Amino acid sequence: MSDRTPHFEGDAPTYGRPSRPEVAAAEARSAACPPAEPGEHRLCSLDELVDGGVRRFDVGDRELAVIRLGSTVYVIGDRCSHQDISLALGEVDPDDLVLECPKHGSGFHLETGEPSSLPATRPVPVYDVVVSDGDVSVVIPEAQS
Ligand code: FES
């Protein structure tokens, strides 16, 4: 007779939802940072971003993935909506305008934040970007009530 009781090494699978440690880590990060002030925040100069690459920035409690494609810069939320993974560790697909999650491969559209493939089903935030005089700024919107 076989033992059919599942057992797992490490955390049990969460089937698409963030695990408790992931939720706790996200809440701890958020609590440690003050909320981002609405308005424009300078991130860096355009030259500091690799063309075709992605770089992580934090503005207050906002975790941002910043992607440069030529002279265009996109900013989306850095945390995958499937699990608590940094999208800035993923790959940029410049043809489809997608940032691919490094863990399970969902792609997030750079203009809409919508996932283009499973397992993620929810969008990530998308932010307006201002590139002026060689400087890149992100626009944090007013909090919605
Ligand atoms: S963590 Fe699963 S798609 Fe990103």
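Now for a quick tour of the structure. (Residues numbered from 1 in each chain as written. Predicted model: local features only at pLDDT ≥ 70, side-chain atom pairs only at ≥ 80, totals over all residues.)

## Focus on the environment of Ser81
Rule in force here: A helix here means a DSSP run of H or I that spans at least four residues, while a strand means a run of E at least two residues long, and both kinds are numbered starting from the N terminus. Exposed residues have 12 or fewer other C-beta atoms within 10 Å of their own C-beta, buried residues have 20 or more, and residues in between are partly exposed; the C-beta atoms are placed from the backbone. By the convention adopted here, residues are in contact when the distance between their C-beta atoms, placed from the backbone, does not exceed 7 Å.
Looking at where Ser81 falls in the secondary structure, it is placed in the loop between strand S4 (72-77) and strand S5 (91-93). A tally of 23 C-beta atoms within 10 Å means that Ser81 is categorised as buried. Discounting residues that sit within four places of it in the chain, Ser81 has contacts with Pro115, Ala120, Arg122, Pro123 and Val124.

## As for the nonpolar core
Put simply, the rule reads: For this entry, the nonpolar core is defined as buried Ala, Val, Leu, Ile, Met, Phe, Trp, Tyr and Cys residues connected by C-beta atoms within 7 Å.
Counting 25 residues, the largest nonpolar core has Ala65, Val66, Ile67, Val75, Ile76 and Leu99 as its most contacted members. Elements supplying a minimum of two residues to this core: strand S3 (62-69), S4, strand S6 (98-100) and strand S9 (135-140). Ignoring anything within four residues of it in the chain, the contact list for Ala65 reads Val54, Arg56, Ile76, Asp78, Leu87, Ala88 and Leu99.

## A look at the sheet that holds S6
Definition in use: Note: two strands are recorded as paired if DSSP finds a minimum of 2 bridges between them. All axes here are fitted lines through C-alpha atoms, helices being fitted over the stretch that makes contact, and every angle between N-to-C directions spans 0 to 180 degrees.
A sheet is described by the order of its strands in space; here three strands give the open sequence S5-S6-S7, paired in antiparallel fashion. If you trace the sheet from one side to the other, it starts and ends with S5 and strand S7 (107-109), each paired once. Within this sheet the neighbouring strands show an average axis-to-axis angle of 25°, counted without direction.

## Thoughts on the pairing of S9
When a strand is regular, its side chains alternate between the sheet's two faces. Pairing between strand S1 (residues 39-45) and S9: six bridges, direction antiparallel. The residue bridging Cys44 from the neighbouring strand is Val136, located in S9. Judged from the five bridges that link them, strand S8 (residues 126-132) and S9 form a sheet pairing that is antiparallel. Directly across from Ser132, in S9, lies its bridge partner Asp135. Between the antiparallel neighbours S8 and S9 lie two residues, among them Asp133 with a positive phi of about 50°.

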